Amino acid sequence: MGGGAQETPVADDYKNPALPLEERVESLLSQMTLEEKALQLSQGVLGQDYNVNNLVGGKAQDDPRIGSMICALEDPEKRNAYQKFIVEKSRLGIPMIFGYDVIHGYKTIFPVPLAQACSWNPELVRESCVVAAKESKASGIDWTFSPMIDIGRDPRWGRVVEGYGEDPYATGVFAAAAVKGYQGETIPYRIAACLKHFVGYGVSEGGRDYSYTDISRQALWETYLPPYEAGVQAGARTLMGAFNDICGVPASANPYTLKEVLRNKWGFTGFVVSDWSSVRQLMNQGYAANADDCVKKALEAGLDMEMVDGFYRRSIPSLVKSGDLDPKFVDDAVRNVLRVKFELGLFEHPYVEVKPAAERLLLPGYKALARQMAVESMVLLKNKDNLLPLSPDLKNIALVGPLAKDKDSLIGSWRGRGEARNVTDIEEGLRKVLPSSVNLHYAKGCGVNEGSDEELQEAVQAAEQSEVILLCLGETSTMNGENASRSTISLTSPQQKLFARLVELKKPIVLLLATGRPISLHTIEPRVSSILVTWHPGTEAGPAVADLLTGRENPSGRLAITFPRTEGQIPVYYNMRNRARPYQGKYQDISTEPMYWFGDGISYTTFEYGPLGLSARELTSSTPLTVNIDIKNTGSRAGKETVFLYIHDKVASVSQPMKRLIAFQKVELQAGESKTVSFTVDPARDLSFANSDGRRVLEPGEFEIIVKDKKETINLK
Ligand code: NOJ
């Protein structure tokens, strides 16, 4: 068992919960040997998961002094037994922290995070994270590697599915909601959140995962750091370092981001874990020469815990003994890890209460929430002649396409311990609610990646008998997520072939797009009547789609990420800066406008926006501005509208985006109802911009206040 201090009697005052936390930390730290410290900073893997894009698997470590395990086990009894070994067989009895990728639910699976953002309902996001925390903790998980808050502006990058879209402010709002959901409950339902991947991972060159990123300090502060700052302010207790190499200094060993920003500027007191093998990968990145060099660079930069490789546990003791590593770096990292373990109550409650699965997983209330989240996250992008909701007079409806019954894809990538067998698919969801007088003709038509003439023919037959075609196309769950970059974002060829054949029938088509990334729709859109982006909706996919198609619910999702026409437009996102020649520099071959903008989405009802009511036109930095806007539901059914408030700083010492989101509100309006939506703009917070040192700069001059197509100018003195 190593260590050399086995004979020293242990002063166990650190086990006393009545003592101040920092005293407990210091008492324990002062008794730890170097080997014990190095092990406390190491993470192993236990059990096996099913994510084919990130297969996690491994055996229990036999040294009970190891600090953490990724716990791909489902059985809380096994987890408790292993914890017992750790607590009872190690000299100091420091409990293990069990982490896992609970990204959009543990067993009850919610829509993928990108979809959740399209709900524009942070409270629902928070509640879904509460459910994820409860299911996880009851299954033995103390810590989730979520939320993923990398800005997604390149849909070729498969991991856009895991984040909250392209906007820094919105991502920060959802990050805070997720952190509060995971960590907000009392023990024993609280788990630690992990903001990842710190930072800039989504900028990977060419959308290729794990690649180099060229990110200026200005861009870091303006776009990539704000969601992390919001998550840290919300109380996130851990962060995960990213794989990318930021302008030559890898994120996993980057003293600027890990120390100067995170610790010194933001005062973060939790711990940072590396990503999988990212300490070892410093060698691949050409930043470290050997294992010792990797460890020294990562630890000195502020990376507290190492995921998987065991470099920390092997190199730290010898590096310190040889004088090549100052022990203060080790102590600081151990303090950070112990602090979080104390805060989570692991010393007092190392074991989880074991309840039967039926009492802790997939509870009716959890599924109801997953259904509501799915309903609110789906985005209606087109609805010609109000084809949706489906008319009750329809007698024959075709349901076609590879995603209609693909349960495994409908729960999406990173499904925690979610299982396809617990998913209600789209056909099942529709059959439950359609009256018996309606014939639903189902045919798969093709697979996502392969197809046969027979399948195609069956689809044509189903469609020929029907008045309308519901066409479920998109991506499988393994086409997005980690290690799932694509050079094209169009539908696969078997799906395009099926689509082309069905279009020939000249029947109205409703495209149900089940995807984890924006799909290029420029050749599809003109030939369909309606488009509903369902994303990968999770366990309650079918009921949610059925609720919307039948009009029991009204679509209210709005895009949190722009849909390019083709991948040639990438990057394209709403908060771009203006061109030097706005009237030129357009593509010769396609429109410069994307297919759909961030914020797009329609409803079965219509909303009318009144003029902007501003409390002042002339402002000082300390006068808050009130912006009022009347919204009226001018249609014949109740609906929800998200009101987005943008600003544009017209002239600044650092040029600013054409518009920048500073607030949003989702409101529900009955048919004919009007409401006044009110925002308070705090000039110091909302009209300032970040400079390249991370300072907020507020400059006088003209600002535009923008809501939908309304725009007013104010003057800041
Ligand atoms: C690698 C992924 O990048 C990260 O997001 C995940 O949390 C770890 N693997 C653990 O599975």
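Conventions we followed
- Residues numbered from 1 in each chain as written.
- Predicted model: local features only at pLDDT ≥ 70, side-chain atom pairs only at ≥ 80, totals over all residues.
- Heavy atoms only, no water.
- Axes fitted to C-alpha atoms, helices over the stretch in contact; angles between N-to-C directions.
- Helix = DSSP H or I, 4+ residues; strand = E, 2+ residues; numbered from the N terminus.
- Left-handed = near helix turned anticlockwise from the far one by under 90°.
- Contact = heavy atoms within 4.5 Å.
- Nonpolar A, V, L, I, M, F, W, Y, C, P; charged D, E, K, R; others polar.
- Pairing = 2+ DSSP bridges.
- Phe/Tyr/Trp six-rings, centres within 6.5 Å; stacked < 30°, edge-to-face > 60°.
- Buried < 20%, exposed > 50% of the residue type's maximum accessible area, 1.4 Å probe, protein only.
- Expected span 1.5 Å × (residues − 1).
- Polar contact = N/O pair within 3.5 Å; in protein donor to acceptor, adjacent residues only side chain to side chain.
- Parallel < 35°, antiparallel > 145°, perpendicular 65-115°, else oblique.

K.L.:
What am I meant to see in the packing of helix α5 (residues 122-138) against helix α14 (residues 364-377) here?
P.N.:
The contact between α5 and α14 brings their axes to 10 Å, and the two run at 145°. In terms of crossing hand, the pair formed by α5 and α14 is left-handed. Counting all contacts with α5, which are made through L124, V125, E127, S128, V131, K134 and E135, the residues of α14 involved are Y366, L369, Q372, M373 and E376. By residue class, the composition of the contact of α5 with α14 is six nonpolar, two polar and four charged.

K.L.:
Where do I start with the sheet that holds strand β23 (residues 674-681) in this structure?
P.N.:
Each strand in a sheet pairs with its neighbour through backbone hydrogen bonds, running either in the same direction (parallel) or in the opposite one (antiparallel). In space, the three strands of this open sheet follow the order β18-β20-β23, with antiparallel pairing throughout. The sheet is open, and its two edges are formed by β18 (607-614) and β23, each paired on a single side. Adjacent strand axes in the sheet meet at a mean angle of 20° when their direction is disregarded.

K.L.:
What exactly am I supposed to notice about the packing of aromatic side chains here?
P.N.:
The geometry of an aromatic ring pair is captured by the separation of the ring centres together with the interplanar angle, meaning the angle of the planes. With the rule as written, the count across this model stands at 25 aromatic pairs. Between W120 and F644, the ring centres sit 4.8 Å apart and the planes meet at 90°, which makes this aromatic pair edge-to-face. Of this pair, W120 sits in the loop between α4 (113-118) and α5 while F644 sits in strand β21 (residues 639-649), placing them 524 residues apart in sequence. Taking relative accessible area as the criterion, F644 reaches 8% and is therefore assigned buried. For the pair F563 and Y596, a centre-to-centre distance of 6.4 Å together with 75° between the ring planes defines the contact as edge-to-face. In this pair, F563 is assigned in the loop between α19 (541-549) and β18 and Y596 in the loop between α19 and β18, connecting sequence segments 33 residues apart. Among the aromatic residues, ring-to-ring pairing joins W120, Y164, Y169, F174, Y574, F598, F644, Y646 and F664 into one connected group.

K.L.:
Got a minute to help me understand helix α6 (residues 168-183) in this structure?
P.N.:
An α-helical segment advances 3.6 residues per turn. Residues three or four places apart therefore align on the same side. Taking 1.5 Å per residue, 16 residues should reach 22 Å; α6 reaches 22 Å between its end C-alpha atoms and fits that length. With 13 of 16 residues buried, α6 lies mostly within the body of the structure. By the N-cap criterion, in which a side-chain oxygen at the helix start approaches the backbone nitrogen of a residue two or three places on, α6 is capped by D167, the distance to Y169 being 3.2 Å.

K.L.:
Even after reading the chapter, I still don't get the environment of K107, so can you show me in this structure?
P.N.:
Within the secondary structure layout, K107 lies in the loop between β4 (97-100) and α4. A residue is classified by how much of its surface remains accessible, and K107, at 4% relative accessible area, is buried. When the C-alpha atoms of K107 and R360 are compared, they prove to be 9.6 Å apart, with 253 residues separating the residues in sequence. Among all residues touching K107, those that are not within four sequence positions of it are E74, E135, L361, L362, R417, G418, E419, N422 and T539.

K.L.:
What exactly am I supposed to notice about the environment of V528 here?
P.N.:
By the secondary structure assignment, V528 is in the loop between β16 (509-514) and β17 (530-533). A sequence separation of 19 residues divides V528 from I509, and the C-alpha atoms of the two residues are 5.0 Å apart. Ignoring any residue separated from it by four or fewer positions in sequence, one finds V528 in contact with K382, F499, I509 and L511.

K.L.:
Help me out: how do you make sense of the sheet that holds strand β13 (residues 396-400) in this one?
P.N.:
As summarised here, the arrangement of the six strands in space is β12-β17-β16-β15-β13-β14, forming an open sheet in which the pairing is mixed. At either end of the open sheet lies a strand with only one pairing partner, and these are β12 (379-383) and β14 (439-443). Direction aside, the axes of adjacent strands within the sheet are offset by 15° on average. Relative to β16, strand β15 (residues 468-474) runs parallel, the two sharing six bridges. Pairing of C472 across the sheet is with L512, part of β16. Contacting β13, β14 and β15, helix α17 (residues 453-464) runs over the sheet at an angle of about 165° to β14. Here helix α18 (residues 493-503) sits on the sheet and contacts β13, β15 and β16; the angle it forms with β15, its principal contact strand, is near 165°.

K.L.:
I keep staring at the pairing of β15 and nothing clicks. Help me out?
P.N.:
Taken residue by residue, a regular strand's side chains alternate between the two faces of the sheet. Along β15, seven of the seven residues are buried, which leaves the element largely enclosed by surrounding structure. Across the two faces of β15 the burial is the same, with V468, L470, C472 and G474 and I469, L471 and L473 all buried. Pairing analysis gives four bridges linking β13 to β15, with the strands arranged parallel. Residue pairing for β15: L399 is matched across the bridge by L470.

K.L.:
What exactly am I supposed to notice about the packing of helix α9 (residues 255-265) against helix α10 (residues 291-301) here?
P.N.:
For any two helices packed against each other, the geometry comes down to the angle between their axes and how far apart the axes lie. Running from N to C, α9 and α10 cross one another at 25°; their axes reach a closest spacing of 8 Å. Between α9 and α10, the crossing angle belongs to the class labelled roughly parallel. Touching P255, L258 and K259 of α9 are L299, E300 and A301, all from α10. Residues of the contact of α9 with α10, tallied by class, amount to four nonpolar, no polar and two charged.

K.L.:
Quick question: what am I supposed to make of the side chain of H441 here?
P.N.:
As for its position among the elements, H441 is in strand β14. Look past the residues within four positions of H441 in its chain and what remains in contact with it is N396, I397, A398, L399, A462, Q465 and S466.

K.L.:
Explanation requested: the environment of T676 in the structure shown.
P.N.:
By secondary structure assignment, the location of T676 is in strand β23. Along the chain, T676 and L625 lie 51 residues apart, while their C-alpha atoms are 16 Å from each other. Beyond its immediate chain neighbours, meaning those up to four positions away, T676 contacts N628, I629 and D630. A polar contact of 2.7 Å, which involves the side chain of T676, links it to the side chain of D630.

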